[in-house]
Structure formats: C-alpha cells, structure tokens
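Observations on the model geometry
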Amino acid sequence: MAKVLAVSGNEAVANAFRQINPDVCAAYPITPSTEVMQRFTAFVSDGEVDTEVILVESEHSAMSACIGASAAGGRVFTNTSSQGLALMWEMLFIASGMRLPIILSLVNRALAAPLNIHCDHSDGMGARDTGWIQLWSENAQEAYDNTIQLFRIAEHMDIRVPAMICMDGFIISHSIARVEFLEDDEVKKFVGEFTPVNPLLDVTKPVSYGPLILPDYYMEYKRAQHEAMTRVSKVVLDVAAEFEKLSGRRYGLFEAYRLDDAEIALVILNSAAGTSKDVVDEFRDKGVKAGLLKPRLFRPFPYEEVAAALKGAKVVCVMDRADSFGGFGPMYMEIASAMMLISGNRPVLINKIYGLGGRDYLPEHAAMVLDEMTEIAKGGRVKTYKEYIGVRE
Amino acid sequence: MKLKGWKDLTPGAVLTEPGSAEEFHTGSWRSFRPVWNPENCIQCMFCWTYCPDMAIKTKDGKRDEFDYDFCKGCGICALECPGKKGQKAIVMVEEDK
C-alpha cells in the first residue's frame, strides 16, 4: 500500500535511505543537500535505522570513509552538492576503479566562482568521466524512485560500480511536492540484502585493495571497467520493469515525451523538463509537432537508443544547465555523438545554455526556443549553434 | 610470464592472494648494487634495521648476504654502515661495472 505525502525532494530521498537502512553513511552536509543528512541523522537518533554515521571533516574524507566502508563489505551511501562533489573528485575515481557500489545522492548546485548555492548541473556534469553511473531525476518522486532502483543497479553482480542520483537543488530539493512512498518492507524486499564482493572484513580470505598497477596491467583494468558500464542499460531496464510492478510507475533509459512523430525536439534534463513538457503541449495544441527527450541514465549514455528516438526529428535543441567554456554544453556533446550513429539525414542540432546558478527557466524560454526551431524546420537559417538564453546583454 | 587479458582480472584490481608482492622482483630496478665485505662487518645489524625493503638476509641471528631479488639499490645500508676502523663493510658499485 502506497502512502502519499507532501514532502521536499530532500525528505523524499532521506526516506528512501531510511527504508533501505544502509550499513554506513559518511557525509559532510552542504547546501542544498543538507536536509538529506539532517533528516537521515534524525532517523539514526530515533533508532529507525541502524546505519553507522561517520562524522568527517570534509567531503574528500566523506568519500574516503565510504570507500573504506564499502571495501570492508558494507552497503554505503553519501550525499553532497557542488563544491562538496568537487572536493570528492579524486576519490570518485578510486571508488569506481575499485568497483565499489557506493550510492551518492547529488543535489545539483552551481560551482564557484562566483559563489552560488542555486541549481545548475555543473557539479554532476563535472563528474561525468569518473566512472560513476548517473541517474537524473525530474522531481521528488523520481528522485525517491531512482534512489531505490539505483541500489539494485549499482550492486548488481554484472556491474558493481558506484552510482549517483541527481536532482535539482532548491527547485526540487526544497519544494514540497506530492510523493507516493512505498511501504518500508516493500522497499527492503525490493532492494534485498547486500552481498559484499571480496570484503576486507572477511579475515578468512584476506585481500588487498588499491595496489600499484603499472603500464603492464593498468589499461586492462580500465577496459574491464568500461565493460561493466556497457552492461548497465540492460540492468536499468530490468530493475525498472520490476519497480513498475511494485509501484505502477514506469521508467526507461530516458523519457520520450510526444516524440514519436515530432519534427522539433528538445533534449532537457531534470526539473526544467517538466516546465518544457507543458510548453510542448501548447505547441502541439497549435498544431506544431513538438516533442521532448528527457535523459535519465546519463552515464553510461544510451547513444543508440537516443539516436533511434531522435532520428525522425528535423531540428533538435539540446538544453544544457551546465557549460563547457569554449565548448558546447555537456549534454549537447553526448547528443551530437549519438547523432553520428544515424545514417542518412541527421537533424539540425543546436545548443542553448540556460538556468546557470539558479537563473529561472520559464515557459516563455521554452516557447522562444520552440519558435526558433519551428523556423529552422521550415528551412530557416541557423543563426548560432550555441546560445545563452535568459541572460542579459 | 604470459600477461592476462582484461577479461581475466579480478574486478577493481583487488588482490585475493596475500603476500603476492614476493613474486614481484623489484631488484631489477637497481642501478647501484650494494656489496658486502664480511671482513669489515662488525655485525651491528644497522643495515638490517635500516633497509626499507627487508633485502638483508640473516642466518643464525647474524647478517648474511643481500637479497638481490628485492634490493633496489637505495644505498641507505652503505650510508649507515659504520664499518671497522674507517673501512665500510658495504659499498655501492654501479650495476654495469
């Protein structure tokens, strides 16, 4: 029986962790993800979970402690944002290189300088190449559902790599929204018992983590790491199918919204996808064949599936809430790579940078972009391939 | 030794056999070789104490030959060696000489 509550995104995620009751959590709370730990440590104090919470002096230490606890054989999670994830950066590679299925809830926030606490995706996109799985979430419900599914995905014996759930800072983390919770025992049953692989605490079978691997073997280990990532898509879909039976909520590698016959298509992540879907509906009402693709699994990126979903469009605009200064936005680069898998006519592909540092993304922004795409689809000239929207001249 | 391919490795480079460093003969890295002259050795065991790689073997509680499989030629033993009457019991000799 599902329970429906009005909660913040952070509270929804904290409750997923409560229901899963992991063995260890090491974290150094940071805005806007602080509330996840605030609520989770209250669960610890109230005896609702028996998780060992480790107080650390930085995010670098938080991830280090998570790595130790995971290698010891525990089910481990942490939570951070922005500068916190940036400070973890070195250890993110160590977690993935050691193939430790640590779960991290990332509440997306801009990176300094200038200092800013509001939403953009620079933190998560900066961790793109760290070897972590990334699931992105539009709203509190998706963040909750993704958290539960991600434990199953990361801990799957074909995969065993760390994984992060991303949701928008403040816009989702601090807004109160309707969330349908599963029962505690349903979640526990769905996630199951944690099975450690080569745990350090098994004294009958001593192992060493973190050896020096020189040029004669390093590349083989990295190749094997990529192989594990190639198995993620299938597991994501299998877990989603099982989750749908339990919850009635359907998930895929991405959401294709009115995309089947779309001539113009937006690609956009997280909360702004919700805003954009409303505007897509308005354009559909006007007779414009607009659609939207909202990526969910960003790492590993499902290039072939995305290419198949977008190949019918005439114009695709990739909306990035993060920038690569001197380059296209990070999502644009992925979609451009996916487009290369299409033989024959490819859609015109343009890039808009929006919403940096919490700048509002409004329905009129989506409408402006869709209008421009409509013109291009009619044979109009592409004025610029990369443009910033919602910015003052 | 035939090197393994990527499909045959333990995920995460976890070593499942204890003490496997013994199979890795780091002595091949050496460019200077310590040479022991027992005539000048007073059995102070300083070299044994200071050696960072346990590359000085002992026999019946006394210093014995170097373990050249693991001695990287750092020269600490030669530096610390007090010798006898100003004559070092350990000297470093270039490997190709």
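This section reports on the structure supplied with the text. Since this is a predicted model, take the numbers as computed values, not measurements.

Rules of the game
Residues numbered from 1 in each chain as written. Chains lettered and ligands numbered in written order. Predicted model: local features only at pLDDT ≥ 70, side-chain atom pairs only at ≥ 80, totals over all residues. Heavy atoms only, no water. 1 Å grid on protein atoms, 1.4 Å probe; cavity = no way out; pocket = protein on both sides within 12 Å on 5 of 7 lines; lining within 4 Å. Points joined across faces, edges and corners; volume = space filled by probe spheres on them. Helix = DSSP H or I, 4+ residues; strand = E, 2+ residues; numbered from the N terminus. Nonpolar A, V, L, I, M, F, W, Y, C, P; charged D, E, K, R; others polar. Contact = heavy atoms within 4.5 Å. Buried area = accessible area lost by both parts, 1.4 Å probe. Salt bridge = Lys/Arg side-chain N within 4 Å of Asp/Glu carboxyl O. Polar contact = N/O pair within 3.5 Å; in protein donor to acceptor, adjacent residues only side chain to side chain. Phe/Tyr/Trp six-rings, centres within 6.5 Å; stacked < 30°, edge-to-face > 60°. Buried < 20%, exposed > 50% of the residue type's maximum accessible area, 1.4 Å probe, protein only. Lys NZ or Arg CZ within 6 Å of the ring centre and 35° of its normal.

Side note on empty space enclosed by the protein
What the rule picks out here adds up to three cavities of 30 Å³ or more. Computed from the structure, the largest cavity encloses a volume of approximately 100 Å³. Lining the largest cavity we find 17 residues, and of these Cys41(B), Cys44(B), Cys47(B), Cys81(B) and Ala89(B) sit closest to its centre. Sorting the residues of the lining of the largest cavity by element identifies helix H1 (46-50) and helix H2 (76-80) of chain B as the ones contributing at least two each. When grouped by side-chain class, the residues that make up the lining of the largest cavity number 12 nonpolar, three polar and two charged. For the second largest cavity, the calculated volume is near 40 Å³. Around the second largest cavity, the lining residues are Gly97(A), Arg99(A), Tyr221(A), Ala224(A), Gln225(A), Pro11(B), Gly12(B) and Ala13(B).

Examining the interface of chain B and chain A
Of the residues lining the interface, 14 residues belong to chain B; the matching set on chain A comes to 18 residues. Where chain B abuts chain A, roughly 1500 Å² becomes buried across the two surfaces, and 71% of that area is made up of carbon and sulfur atoms. Seen at the junction of chain B and chain A, the total is zero salt bridges. Put simply, chain B and chain A have two residue pairs in polar contact (both at pLDDT 80 or more) between them. Residue composition of the side of chain B that touches chain A, by class: nine nonpolar, four polar and one charged.

Overview of the packing of aromatic side chains
One pass over the structure, following the stated rule, counts 16 aromatic pairs over all chains. Relative to Phe77(A), the ring of Phe17(A) lies with its centre 3.8 Å away and its plane at 20 degrees, an arrangement referred to as stacked. Here Phe77(A) lies in strand S4 (residues 76-80) and Phe17(A) lies in helix H1 (residues 9-20), a separation of 60 residues in the sequence. When its relative accessible area of 0% is taken as the criterion, Phe77(A) is described as buried. Joined through ring pairs, the aromatic side chains of Phe17(A), Phe40(A), Phe43(A), Phe77(A) and Phe151(A) make up one cluster. Positioned above the aromatic ring of Tyr257(A) is the side chain of Lys277(A), whose terminal nitrogen or guanidinium carbon lies 5.7 Å from the ring centre. A cation over an aromatic ring shows up here: Arg33(B) above the ring of Tyr68(B), its NZ or CZ 4.3 Å from the ring centre.

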